[in-house]
Amino acid sequence: MPDWRKLVQRRLSGLALDFTEKEEIHTELAAHLEESYEALCTEGLPEQDAVQKTLAQAGDWKDLQRKIFSVKRRRQPMHKRVHQLWIPGLLAMALSTAFLMTVQRLGFQPRMVSWKEADIVFNVPWLLLLPFIGAVGTYISSRAGGTRGTVLLASVFPVIALTAAFLLMFPISWIIERIMGSQGDFRNVAAVLLEDGIGWILVPGAALLAGGLFTHALFGRRSSSRETAIG
Amino acid sequence: MIGTGIKRGTAELAILSVLEEGPLHGYEMARRIEEQTKGALRFTLAALYPMLYRMEQRGWIRGAWETSQSGRRKRCYRLTPAGKKKLSPLRKEWAELFGALKRLTKVAHA
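Residues numbered from 1 in each chain as written. Chains lettered and ligands numbered in written order. Predicted model: local features only at pLDDT ≥ 70, side-chain atom pairs only at ≥ 80, totals over all residues.

**Student:** What exactly am I supposed to notice about the overall build of chain A here?
**Tutor:** Secondary structure assignment for chain A yields 9 helices and 2 strands. Mapped in sequence order, the helices and strands of chain A form the string α-α-α-α-α-β-β-α-α-α-α. Burial status across chain A gives 28% buried among its 231 residues. The long-range fraction of contacts in chain A, counting pairs at least 24 apart against all pairs at least 6 apart in sequence, stands at 72%. (Helix = DSSP H or I, 4+ residues; strand = E, 2+ residues; numbered from the N terminus. Buried ≥ 20, exposed ≤ 12 C-beta atoms within 10 Å, placed from the backbone. Contact = placed C-beta atoms within 7 Å.)

This is the structure in structure tokens:
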């Protein structure tokens, strides 16, 4: 008896869908072909004829692939984005905020490092926890079938949100200062932006990304070895 | 030549009608339709599954994975309340269309 699953995988190899979605389609179609083949064999058809007849019932594989892709692609992209980016990203952000608050409550003082007249604040215990948070974001996004770009974006989501807050905060504070009549020095603003950008965005972002990349490498390898074993 | 819309419409009606009798997986569905229409309606994989996925997206049917006694995983489809609601106007539309065609061919032959 032919390996129907392998056959389906081979015939639909160009189906550009998520791994999980493709797996389900392969399983479903292989089960159909297997049942059809078994029924033909039970009717008394020789094995070779049963295989030929089953394959004839399948129809045009290219047409099938095109139609499935067209139907599945039409599914609301927002639904996928919520599961692949927003949920893992927001969870990573909530976890990083909760850990930062816990670390501060436990009395861990941030370390200040002076670099070229700038004082950069690092919260070391929090930074050490961030790779795990990045890993959680990546793992959840990967499970939802996120692409490499999406899972890594989910891992660094907390710093993206923080960057957005920073970018909003500075023009707002500049406008408030202008309204209140005080002349803000642009160099001071730039220095604060640089210090906070390094301490709260760049370094935490790197820590989150490190965890994300590690998990993606681990999870991605597992997925591809699973695919090889089947196909 | 039968248009795509008519072909799709008859296929949808056939699927909804067999699922009204109870939940079925793809192969059973195709077989049941072929038997009940005495071979007049036959589904290839290329016709059946994209149709099932489309109908599932529209909320007319719902698929769920089941494991048979032989350990084979199958996706079993059942009619949703929205599918049941869709079935009766669809039947009426097709009955009207076939009635009209019958009358037309009778007039043409007379």
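There's plenty left to go through after this.
**Student:** Before we go on, may I ask you to explain the environment of A:R66 in this structure?
**Tutor:** All names here are of chain A. Within the element layout of this structure, R66 appears in helix α4 (residues 61-73). Given 15 C-beta atoms within a 10 Å radius, R66 is considered partly exposed. As a C-alpha pair, R66 and L15 span 51 residues in sequence and 7.8 Å in three-dimensional space.

**Student:** In this structure, what is going on with the interface of chain A and chain B? I would like to understand it.
**Tutor:** Opposite the 18 residues of chain A that make contact, chain B presents 15 residues. In terms of residue count, helix α2 (residues 19-42) of chain A provides more of the side of chain A that touches chain B than any other element does, 7 residues in total. Of the residues contributing to the side of chain A that touches chain B, the split by class is 6 nonpolar, 5 polar and 7 charged. (Nonpolar A, V, L, I, M, F, W, Y, C, P; charged D, E, K, R; others polar.)

**Student:** I tried to follow the nonpolar core on my own but got confused; where do I start?
**Tutor:** Across soluble globular proteins, nonpolar side chains show a tendency to be buried alongside one another. If you look at the biggest cluster of nonpolar residues, it comprises 33 residues, and the most contacted ones within it are B:I15, B:L19, B:L48, B:Y49 and B:L52. Considering each element in turn, this core owes the most residues, 9 residues, to helix α3 (residues 45-57) of chain B. Those residues in contact with B:I15 that lie beyond four places of it in its chain are B:M29, B:M51 and B:M55. Listed in part, the 19 residues of the second largest apolar core include A:V136, A:V151, A:L152 and A:A207. (Core = buried A, V, L, I, M, F, W, Y, C linked by C-beta atoms within 7 Å.)

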